[in-house]
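So you can see what is in the structure, the chains are spelled out below.
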Amino acid sequence: MSKTPFIPNLNQAAIESAEQWVIECPKCHHAAPAMERGVFRAWASSKSKRVLARCTNCNKLTLAKLTKDPERAYTLRIEEIDQQLDQIEAEERAQSGSSAPSIN
Ligand SMILES: [Zn+2]
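Draft legend 1. Main features of the overall build of the protein. Across its full length, the protein holds two helices and four strands. The helix and strand sequence of the protein, counted from the amino end, reads α-β-β-β-β-α. Taking all 104 residues of the protein together, the buried fraction comes to 16%. Considering only residue pairs separated by 6 or more positions, the protein has 55% of its internal contacts joining residues 24 or more positions apart.

Written as structure tokens, this is what we have:
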């Protein structure tokens, strides 16, 4: 009989709560869901934190603002997925124009 300090599903719980965080660059005000930057501050209890992160928009290393805002995080996530889909579509269109290699 052993007592393990291991808590099952902790990672999953962390990911789920991390999805509610929004990271914002104080320099260019570019905002993104915190999950996209691999920021795991789900255990943070206060509402607003600062984390060292590189902005994907202005490429500056900055003390980004981390805010718990599930609604905004969700909206930003949808926007990012939308942009990714547009990119995939554009790439596919560019590829179909040229001789696309076939995969056997
Ligand atoms: Zn920025």
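Draft legend 2. The arrangement of unusual backbone geometry in detail. At histidine 29, a residue that is not glycine, the phi angle is positive and equals roughly 65°. For histidine 29, the position within the fold is in the loop between strand S1 (21–24) and strand S2 (31–33). Residue classification places histidine 29 among the exposed residues on the basis of 11 C-beta atoms within 10 Å. A positive phi is found at asparagine 59, a non-glycine position, where the angle reads about 65°. Counting through the fold element by element, asparagine 59 comes out in the loop between strand S3 (48–54) and strand S4 (61–68).

Draft legend 3. Main features of the nonpolar core. In terms of nonpolar packing, the biggest core is built from 12 residues, these being Trp21, Val22, Ile23, Cys25, Ala31, Ala32, Ala34, Ala53, Cys55, Ala64, Leu66 and Ala73. At the level of secondary structure, the elements contributing two or more residues to this core comprise S1, S2 and S4. The element contributing the most residues to this core is S1, with three residues.

Draft legend 4. Region of the structure containing the confidence of the model for the protein. Of the residues in the protein, 61% have a pLDDT of 70 or more, and the chain-wide mean is 75. Averaged over each element, pLDDT in the protein is lowest for helix H1 (residues 10–18) (57) and highest for helix H2 (residues 70–97) (89). Note that pLDDT drops below 50 for residues 40–45; the model gives that stretch 11 contacts with residues more than four away or on any other chain.

Draft legend 5. Geometry of the pairing of S1. What you see with S1 is no split at all: Trp21 and Ile23 on one side and Val22 and Glu24 on the other are buried throughout. Across four bridges, the pairing between S1 and S4 is antiparallel. Counterpart to isoleucine 23 in the pairing with S4 is leucine 66. With three bridges connecting them, S1 and S2 associate as antiparallel partners. Opposite isoleucine 23, over in S2, you have alanine 32 as the bridge partner. As consecutive antiparallel partners, S1 and S2 are separated by six residues, and within that stretch histidine 29 has a phi angle of approximately 65°, a positive value.

Definitions and limits used
Residues numbered from 1 in each chain as written. Predicted model: local features only at pLDDT ≥ 70, side-chain atom pairs only at ≥ 80, totals over all residues. Helix = DSSP H or I, 4+ residues; strand = E, 2+ residues; numbered from the N terminus. Buried ≥ 20, exposed ≤ 12 C-beta atoms within 10 Å, placed from the backbone. Contact = placed C-beta atoms within 7 Å. Core = buried A, V, L, I, M, F, W, Y, C linked by C-beta atoms within 7 Å. pLDDT = per-residue confidence, 0-100. Pairing = 2+ DSSP bridges.

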